[in-house]
Amino acid sequence: MLQQVDRAAKGDTKGDDALQRVNDFVVKFANVNGSGSASANALFAKAVLRMGIAATPRNIFPSNIQGLPTWYEVRISDAGHLAARGGGPDLMVAMNPQTWDQDVKSIEPGGYLFYDNTKPMPPEKFRSDIVVVGVPLTEMTNKAYSDSRQRQLFKNIVGLGALSALIEMDPAVIEQLLGEQFKGRDKLIAANIQALNMGRDWVKQNMEWPIGLTLRHANTVGDRIFIDGNSAAALGAVYGGATVCAWYPITPSSSLAEAFIRYCGRMRVDKATGKNNFAIVQAEDELASIGMVIGAAWNGARAFTATSGPGISLMQEFIGLAYFAEIPAVIFDVQRAGPSTGMPTRTQQTDITACAYASHGDTKHVLLMPEDPYECFQFAALSFDLADRLQTPIFVMLDLEIGMNDRLTKPFDWDDSRRMDRGKVMTAEELESGKLFGRYLDVDGDGIAYRTLPGTHPTKGAFFTRGTSKDRMARYSEEGPDYQENMERLLKKHGTARSLVPLAIERKADRPTKFGAIYYGSTSPAINEADLMLAQQGILLDLLRVRAFPFGEEVAAFIEAHDHVFIVEQNRDGQLRSLLINELEIDPKKLGKVVHYDGTPISARFIAGAIAASPIVRPSGATESIAGSPVPASVVKPIQKAMS
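All figures in this text were calculated on a predicted structure; none of them were measured in a lab. (Residues numbered from 1 in each chain as written. Predicted model: local features only at pLDDT ≥ 70, side-chain atom pairs only at ≥ 80, totals over all residues. Heavy atoms only, no water.)

**So, the overall build of the protein**
Right, on to step 1. Helix and strand content of the protein: 21 helices and 24 strands.
Right, on to step 2. With respect to the three principal axes, the spread of C-alpha positions in the protein is 90 × 70 × 40 Å.
Right, on to step 3. Within the protein, the fraction of its 644 residues that count as buried is 55%.
Right, on to step 4. By sequence separation, contacts in the protein at least 24 residues apart represent 75% of the contacts at least 6 residues apart.
Right, on to step 5. Of the roughly 26,900 Å² of accessible surface on the protein, 51% is carried by carbon and sulfur atoms. (Helix = DSSP H or I, 4+ residues; strand = E, 2+ residues; numbered from the N terminus. Buried < 20%, exposed > 50% of the residue type's maximum accessible area, 1.4 Å probe, protein only. Contact = heavy atoms within 4.5 Å. Areas by Shrake-Rupley, 256 points an atom, 1.4 Å probe, with all protein chains shown as cover.)

**A closer look at helix α9 (residues 286-298)**
Right, on to step 1. Between the first and last C-alpha of α9 there are 18 Å, a value that for 13 residues agrees with the 18 Å anticipated at 1.5 Å per step.
Right, on to step 2. By the burial criterion, the buried members of α9 are E286, A288, S289, I290, V293, I294, A296 and A297.
Right, on to step 3. Measuring from the side-chain oxygen of the N-cap residue of α9 to the backbone nitrogen of L287 gives 3.2 Å; that N-cap residue is D285.
Right, on to step 4. Following α9 by one or two positions, G300 adopts a phi angle in the positive range, close to 110°. (Expected span 1.5 Å × (residues − 1). Polar contact = N/O pair within 3.5 Å; in protein donor to acceptor, adjacent residues only side chain to side chain.)

**Concerning the packing of aromatic side chains**
Right, on to step 1. Per the stated rule, a full pass over the model turns up 16 aromatic pairs.
Right, on to step 2. A centroid spacing of 4.8 Å and a plane angle of 10° characterise the contact between Y145 and F154, whose relative ring orientation is stacked. Across this residue pair, the class does not change: Y145 and F154 are buried.
Right, on to step 3. In this arrangement the basic side chain of K470 is found over the ring face of F324, its NZ or CZ atom lying 3.7 Å from the centre.
Right, on to step 4. In this structure, K470 packs its charged tip against the face of Y440, placed 4.6 Å from the ring centre. (Phe/Tyr/Trp six-rings, centres within 6.5 Å; stacked < 30°, edge-to-face > 60°. Lys NZ or Arg CZ within 6 Å of the ring centre and 35° of its normal.)

**Overview of the pairing of strand β18 (residues 515-519)**
Right, on to step 1. Within β18, five of the five residues are buried, which leaves the element mostly enclosed by the surrounding structure.
Right, on to step 2. Two elements, β18 and strand β21 (residues 564-569), share four bridges in a ladder whose sense is parallel. Counterpart to F515 in the pairing with β21 is H564.
Right, on to step 3. Note that β18 and strand β19 (residues 542-545) share four bridges and pair parallel. In the sheet register, Y519 faces β19, and the bridge partner there is R545.
Right, on to step 4. This β-α-β element, β18 to helix α17 (residues 524-536) to β19, shows right-handed connectivity. (Pairing = 2+ DSSP bridges. Right-handed = clockwise from strand over helix to strand, strands pointing away.)

**Let's talk about the sheet that holds strand β17 (residues 505-507)**
Right, on to step 1. The five strands are arranged β17-β19-β18-β21-β22 in an open sheet whose pairing can be described as mixed. At either margin of the open sheet sits one strand with a lone partner, and together these are β17 and β22 (591-595). Each strand axis lies, on average, 20° off the axis of its neighbour in the sheet, ignoring direction.
Right, on to step 2. Running at roughly 155° to β19, helix α18 (residues 553-560) makes contact with β17, β18, β19, β21 and β22 of the sheet. (Axes fitted to C-alpha atoms, helices over the stretch in contact; angles between N-to-C directions.)

**Here's the deal with the pattern of salt bridges**
Right, on to step 1. For the structure on display, the rule yields 31 salt bridges.
Right, on to step 2. Close ionic contact of E168 with R216 constitutes a salt bridge, the shortest N to O distance being 2.5 Å. Of this pair, E168 sits in the loop between α4 (148-166) and α5 (171-181) while R216 sits in the loop between β8 (213-214) and β9 (225-228), and the two are 48 residues apart along the sequence.
Right, on to step 3. The exposure class of R216 is partly exposed, given its relative accessible area of 39%.
Right, on to step 4. With a closest N to O distance of 2.4 Å, E326 and R489 form a salt bridge. Pair noted here: E326 is in the loop between α11 (316-325) and β13 (329-335) and R489 is in helix α16 (residues 480-497), with a separation of 163 residues, a long-range link. (Salt bridge = Lys/Arg side-chain N within 4 Å of Asp/Glu carboxyl O.)

Structure representation (structure tokens):
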């Protein structure tokens, strides 16, 4: 077993039982909020990517303003896995005394603890089954710098330098990133490189290095870009023709509106006049913001709001108005853990049913479910075409995991010949020629009526709208047949949407199997990895990624083709499963729940463990192992209960 000592003192940083991995481990930084660690953490993740190694960083932060602890986790995977791995980190950079005990406890057996050993720690603060690596960061920075703020900021870079030597990170890559970050400020570049080398030199002179976790240049990044889903969606909104954004700040969607502001400042300012070709309003609350969006869209603008679950709750009445009056609107819902305030900085997929049936009365809305920043961009642009085409609210369903965290994704592409689909908009010429106009008249049999924009014609067309019952010519009516005809037409329109939204994507197993799994959104990387883990155990699955609601015929066909289908999602109640049962009239016994809802991203280990533990897959109840590691009882028992 590894000794319970500060191994730096003996120059031993490996140990017989220490983890030995190249380009395949998890590093977690335990930070003191306000210490300037965020910049150094991001620098570490970007340096890994610049070395050509796939990596996925995640910010883990509290939802209050008390300066409580934060963490930054980076999964490094030469195999290209982008999901949260699950379990504890292999290397913990413990810089926060407040969280020391839990940080040390979380490290994987045989893992590494990196810390500032300027002040000695009692032996009971360590574990006997990990390697402890102490570097006197505070002592070094206090000697080198007299200013207290400089000491704190450069301590992070000195620590990064020490860490880079321990895991053999290429220092030239970090220096290049520093040059880009402080371009034009040569003194800052030189000072940061000096601090970086201070840490590296100390390790080389005082320790055995590298440790068992090392980095090697690779080519698993390829031509992919590194961006968060909220920024990607905001850029997609620009390309999709959005000119109006009304929003109220709420975690985790605020950065989407903020990114839209930045992109508009670069791309929607008239070069000749300097005037803005956009309008962005921070409303007094979410209800006001969706009201502004509806007003702008009714007048012909492409408009959207960005919010999260609590905002969706407040918007219910106006969402119903847009649905019943048939006004385009786009709503980006970056989901978080609820109900009520819930856990604002934790991820879940909890708003599926709330958005699919938003507002009182009978409603059915269109949902788009992107899996990564690339689809956030594509679906954002598409949502405005769909809103205009269908004259209805469109929900783009992100979540915190995909929205706020940077992720590798394929480069965005755009067809410059693409034109906006404004749908059925009757022109002044058509009105003048005597063409019949009934605002809620279905003349094409698809449930979608023609509309006019206010002011299109001085005497003809629509100049107002109503949320009350009406007949096909938009005249007020509470007659039962008029109301029922209108509601049936709205249902037909929802059916038309089935042919316009993105189809589900199926991936078949190598051999025929009677088992399938359906998933969506940010769950995608985890289930892709879990599929490989299960295949190693001889458990084969056909996979179907749902990308939109209403469901296409391919979804029902997939379920019909399998004896049992696992529905993998990140909420307690299995909301997608409920939607499938309700909309496709599926026997509930055929659809198994694999649900994860503790606020952390779902992992491949969890999915593989849940499916392998299912008595349907293993009637004997044997769980065996997943990828060589026993499935934890804490995973198996609740899953077996959920599957029964």
